[in-house]
Amino acid sequence: MLLIFGGAVLVLLFVALVATLLVKRLTDKARVAICTTIYTLLFTPSFAPATIVVVPMPFGVMLGAGVFGGAPNEIAELLYLFWWWHLPAFIITGLISYKIAIKIVGYSNVHHRNT
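All of these numbers come straight from a predicted model, not from anything done at the bench.

A. Representation of the pairing of strand β1 (residues 45-50) within the structure. In terms of strand pairing, β1 meets strand β2 (residues 53-58) through 6 bridges, oriented antiparallel. Within the sheet, the bridge partner assigned to F47 lies in β2 and is P56. Where β1 folds back on β2, the antiparallel hairpin that results is connected by 2 residues, among which T51 adopts a positive phi of roughly 60°.

Okay, structure coming up:
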């Protein structure tokens, strides 16, 4: 189980890296907004039922399983089922993702002048 979880996190890190590289040509604000959204969706801690127990996992794993497994409607049901967890988890992860996106992508505060 730990090996599968570790592999899933590596895949999510790779997806985040590719997304960060693909938005290089956008404006600073757009890059930070897109990267923050992607990081938040991929890495928010979440819960999902597995047989008779509930297991913690990144939301990106649930999102990938729902999209590629052909059951995207189950993601909305899981969000509703554990709303008391997902609401603060998405907010906190979004704030952390914003700080990380600013560090990685960065804002350019220096305005270049044509002289």
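B. Highlighting the pattern of salt bridges. Counted according to the given criterion, the structure contains 1 salt bridge. Close ionic contact of R31 with D28 constitutes a salt bridge, the shortest N to O distance being 2.2 Å. Here R31 and its partner D28 are both found in helix α2 (residues 28-43), 3 residues apart, which amounts to about one turn of the helix. With a relative accessible area of 15%, R31 lands in the buried category.

Calculation rules
Here, residues in each chain are numbered from 1, in the same order as that chain's written sequence. Only residues with pLDDT of at least 70 are given local features in this predicted model, and only at 80 or more are side-chain atom pairs given and counted; all residues enter the totals for whole chains, interfaces and linings. By convention in this description, side-chain values take in all heavy atoms of the structure and omit both hydrogens and water. Pairing between two strands is assigned when DSSP locates at least 2 bridges connecting them. Numbering of helices and strands starts at the N terminus; helices are DSSP runs of H or I of at least 4 residues and strands are runs of E of at least 2. A pair is scored as a salt bridge if a Lys or Arg side-chain nitrogen falls within 4 Å of a carboxyl oxygen belonging to Asp or Glu. With a 1.4 Å probe rolled over the protein chains alone, any residue whose accessible area is under 20% of its type maximum counts as buried; one over 50% counts as exposed, and the rest are partly exposed.

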